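# Examining the three-dimensional arrangement
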Amino acid sequence: MEQTSHSLLDLLSINLVLRQTAPYLPISSLLAVSRVNRAFQALVNTHPEAWRHLDLSRAKSATIDTSPIDAGGISWRAERMDEALTEDDFYSGPLRGIFSRLHNKGVLQFIHTLILDGLSVPADLVREIIAEDRFSVRILSLRDCKHLNHTKLQQVLRYAVRPGRSDGSPKLRGLYVFGHKDNPRTLVMKDEPSTRPAPGHPTGVLATEGAQIGAEWNSRSSAILDESLPDSDQQRWYSRTGRTLIRPTNEWADTLYACQGIIAFDAVLCKGPRHDIARTTSGDYLPPRMASIALGPSGCETCGRSPEGPAIFRHSQEDALPLLAPPPTHSSTLRASQRPEPDPETAEFPPLFTRCEDCLRGRWCERCNRWWCEACYAEPISRTAQPSIPQIPTSSSSTTPTPYVQSVEWGGPGPAPSGPATAGGGAPVKVYSKLCVEHCLVGEMMMSADGFWG
Ligand SMILES: [Zn+2]
Ligand SMILES: [Zn+2]
Ligand SMILES: [Zn+2]
């Protein structure tokens, strides 16, 4: 037994081994390891790698636990509230307790990646994490947090990046707040799916503390394999998925703008030419907006590019790339958080085309997500002017869109679009009623004409 204990200690004392294993341990297991003996205690309490990546989202002590019949925790809360306690203090309680204990152990400073997804995290607690010297968090994940007031959070962030802030502050480099917390993808084992226990509910022999640690390590190493699969968050941003953000508010856009070059997010600002006053007229200028539409890697349907160019990892500025979820386990750098998987054949990183909805109005098909850039497709003179409805092509002309495209014209400003369908000096309509004329609108009209929808 003594021999085994020494061997494990020797193994964990290797920096690389601790770096690879510690992030997969819940805080309870990490503390259990530190209680084995003085040597383990010294290892866990003094080694930064043991605490660098801390995921508290599944820690029971971090949650406000209420019984199922006490919906919303009203009576639980009433029993514990005292008059001096503010609402934020109350909901911060469990996490403040954990942070206080970790600070007393001297390990709070070692946490560089902190995951608080789904927990009660009032904005005031975020302010402490960002502003107080006892924290050194670089990557913070606050997805689907409860009691997190986004307006207050925006104020906290804008204060953190204010001109005149102290040198080296804030330490925070990346914030996950827009995406949804992960499904337990990293806990899924590849074998025996029907017999595996539910995450967080060990049974039988697994219920002993030592066995739990071993089983945890085994299942986590299996999870490493799962993590090498294509990342769904990468698909969300880099594929032609359309809307990626549900609530892209202008207040958040202003906050991202203020944080540019200092704190990056799991969302980016639209870089379309209309947001750059040097590249557009004052009438067309748009204030900062969040890029909420993922347009895929192929660019504009006509030219394959965009006026602003795609964002590409290693070539573009940090604020042009979204953080990809989940936060990486073995690194706490912004670069690792933004790195998409390269193309397996070319080893090149994928180009990211993403825009705000205002920039895509009238030039993006909401069904197939094809789009046409400003250089290739002129906008209508009046956004409110409705062109006549395109005619339904006959079956013989269904593969050549020119005849019905010619029936809809508007004279747009800007360069004449390329393509075969320009007629009568006007631009052919590419998008009508939020559908691309060539593919989706025609298909819909054909189905309608065939009586599909009555
Ligand atoms: Zn184009
Ligand atoms: Zn835009
Ligand atoms: Zn379409």
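Everything quoted here is computed from the prediction, not taken from an experiment.

Parameters and conventions
Residues numbered from 1 in each chain as written. Chains lettered and ligands numbered in written order. Predicted model: local features only at pLDDT ≥ 70, side-chain atom pairs only at ≥ 80, totals over all residues. Heavy atoms only, no water. Core = buried A, V, L, I, M, F, W, Y, C linked by side-chain atoms within 4.5 Å. Buried < 20%, exposed > 50% of the residue type's maximum accessible area, 1.4 Å probe, protein only. Helix = DSSP H or I, 4+ residues; strand = E, 2+ residues; numbered from the N terminus. Contact = heavy atoms within 4.5 Å. Salt bridge = Lys/Arg side-chain N within 4 Å of Asp/Glu carboxyl O. Donors = N, O, S within 2.8 Å, 3.2 Å for Na, K, Ca; no water. Tetrahedral: all angles 85-135°; square planar, octahedral: opposite > 155°, others 65-115°. Pairing = 2+ DSSP bridges. Axes fitted to C-alpha atoms, helices over the stretch in contact; angles between N-to-C directions. Nonpolar A, V, L, I, M, F, W, Y, C, P; charged D, E, K, R; others polar. Patch = residues over 30% accessible without salt bridge, like charges linked within 9 Å, V, L, I, M, F, W, Y side chains within 5 Å. Areas by Shrake-Rupley, 256 points an atom, 1.4 Å probe, with all protein chains shown as cover. 1 Å grid on protein atoms, 1.4 Å probe; cavity = no way out; pocket = protein on both sides within 12 Å on 5 of 7 lines; lining within 4 Å. Points joined across faces, edges and corners; volume = space filled by probe spheres on them.

### Quick look at the nonpolar core
Counting 69 residues, the largest nonpolar core has Trp51, Leu56, Leu116 and Leu142 as the members making the most contacts within it. Examining the composition of this core, we find that five residues originate from one element, helix α8 (residues 123–131), more than from any other. With sequence-adjacent residues up to four places away left out, Leu56 is seen in contact with Ile27, Ala62, Leu95, Ile98, Phe99, Leu114, Ile115, Leu116 and Leu119. Grouped together as the second largest cluster of nonpolar side chains are 13 residues, Cys365, Trp372, Tyr377 and Leu435 included.

### Considering the pattern of salt bridges
In total, this model carries 21 salt bridges according to the counting rule given. Arg19 is the partner of Glu49 in a salt bridge, and the nearest nitrogen-oxygen pair spans 2.9 Å. Placement of the pair is Glu49 in helix α5 (residues 48–51) and Arg19 in helix α2 (residues 15–21), with a sequence separation of 30 residues. Residue Glu49 is classed as buried on the basis of its relative accessible area of 10%. Linked by salt bridges that have partners in common, Arg96, Asp124, Arg127, Glu128, Glu132 and Arg134 make up one network.

### A closer look at the coordination of the zinc ion (ligand 2)
Coordination of the zinc ion (ligand 2) by the protein involves Cys270 (SG), His275 (NE2), Cys356 (SG) and Cys359 (SG), with metal-donor separations of 2.0 to 2.2 Å. One way to put it: the four donor atoms around the zinc ion (ligand 2) meet at angles of 102 to 119 degrees, and that makes the site tetrahedral. Going along the chain, you hit the donors of the zinc ion (ligand 2) in the pattern C-x4-H-x80-C-x2-C. Here Cys270, found in the loop between β6 (264–265) and β7 (293–294), pairs with Cys359, found in helix α14 (residues 357–360); they are 89 residues apart in sequence, far enough to count as distant. Taken individually, Cys270 and Cys359 each receive the classification buried, so the pair is uniform in this respect.

### Regarding the coordination of the zinc ion (ligand 1)
Looking at the zinc ion (ligand 1), one finds its protein donor set to be Cys300 (SG), Cys303 (SG), Cys373 (SG) and Cys376 (SG), positioned 2.3 Å from the metal centre. Relative to the metal, the four donor atoms surrounding the zinc ion (ligand 1) lie at angles of 104 to 114 degrees, and the coordination shape comes out tetrahedral. Going along the chain, you hit the donors of the zinc ion (ligand 1) in the pattern C-x2-C-x69-C-x2-C. In this pair, Cys303 is assigned in the loop between β7 and α13 (334–338) and Cys373 in the loop between α14 and α15 (402–405), connecting sequence segments 70 residues apart. Looking at Cys303, the relative accessible area reads 24%, which means it is partly exposed. Cys373 gets classed as buried once you look at its relative accessible area, which sits at 1%.

### As for the sheet that holds strand β8 (residues 354–355)
Here three strands make up an open sheet; going across it, the order is β5-β7-β8 and the pairing antiparallel. Edge positions in the sheet fall to β5 (242–243) and β8, since each of these pairs with one other strand and no more. Bridge count between β5 and β7: two bridges; the pairing is antiparallel. Across the sheet, residue Gly242 finds its bridge partner in β7, namely Ala294.

### Quick look at the packing of helix α7 (residues 87–105) against α8
Angle between the axes and distance between the axes: these two values describe a pair of packed helices. In the contact formed by α7 and α8, the axes pass within 9 Å of each other and the chain directions differ by 35 degrees. Residue-level inspection shows Asp88, Ser92, Leu95, Arg96 and Phe99 of α7 in contact with α8, the latter providing Asp124, Leu125, Glu128 and Ile129. For the contact of α7 with α8, the residue count by class is four nonpolar, one polar and four charged.

### Focus: a nonpolar patch on the surface
On the surface, Leu8, Leu11, Ile14 and Leu16 cluster together into a nonpolar patch covering about 350 Å² of accessible area. Residue Leu11 is classed as partly exposed on the basis of its relative accessible area, which comes to 43%.

### Quick word on the sheet that holds strand β2 (residues 113–115)
Within a beta sheet, neighbouring strands are joined by backbone hydrogen bonds and run either parallel or antiparallel to one another. If you trace the five strands from one edge of the open sheet to the other, you get β1-β2-β3-β4-β6, paired in parallel fashion. Single-partner strands in this sheet number two, and they are β1 (53–55) and β6. Pairing of β1 with β2, which is carried by three bridges, proceeds in the parallel orientation. Each bridged residue has a counterpart across the sheet, and for Leu54 the counterpart in β2 is Leu114.

### Some words on empty space enclosed by the protein
For the structure on display, the rule yields three cavities of 30 Å³ or more. Here the largest cavity is characterised by a volume of approximately 80 Å³. Taken together, Leu256, Cys259, Gln260, Ile263, Ala264, Phe265, Ala267, Val268, Leu269, Asp319 and Leu321 make up the lining of the largest cavity. Put simply, the parts of the chain that give the lining of the largest cavity at least two residues each are α12 (250–259) and β6. The residue inventory of the lining of the largest cavity, partitioned by class, reads nine nonpolar, one polar and one charged. Of the pockets and cavities examined, the second largest cavity occupies roughly 50 Å³. Those elements giving two or more residues to the lining of the second largest cavity turn out to be α2, α3 (27–34) and α4 (38–46).

### What about unusual backbone geometry?
In the segment running from Ser169 into Pro170, the intervening peptide bond is cis, with an omega of -10 degrees. Within the element layout of this structure, Pro170 appears in the loop between α9 (150–160) and β4 (174–176). Between Ala325 and the following residue, Pro326, the backbone shows a cis peptide bond with an omega angle of -5 degrees. Phi is positive for Asp144, close to 55 degrees, though the residue is something other than glycine. Position of Asp144 among the secondary structure elements: in the loop between β3 (139–141) and α9. Despite not being glycine, Ala347 shows a phi value in the positive range, around 65 degrees.

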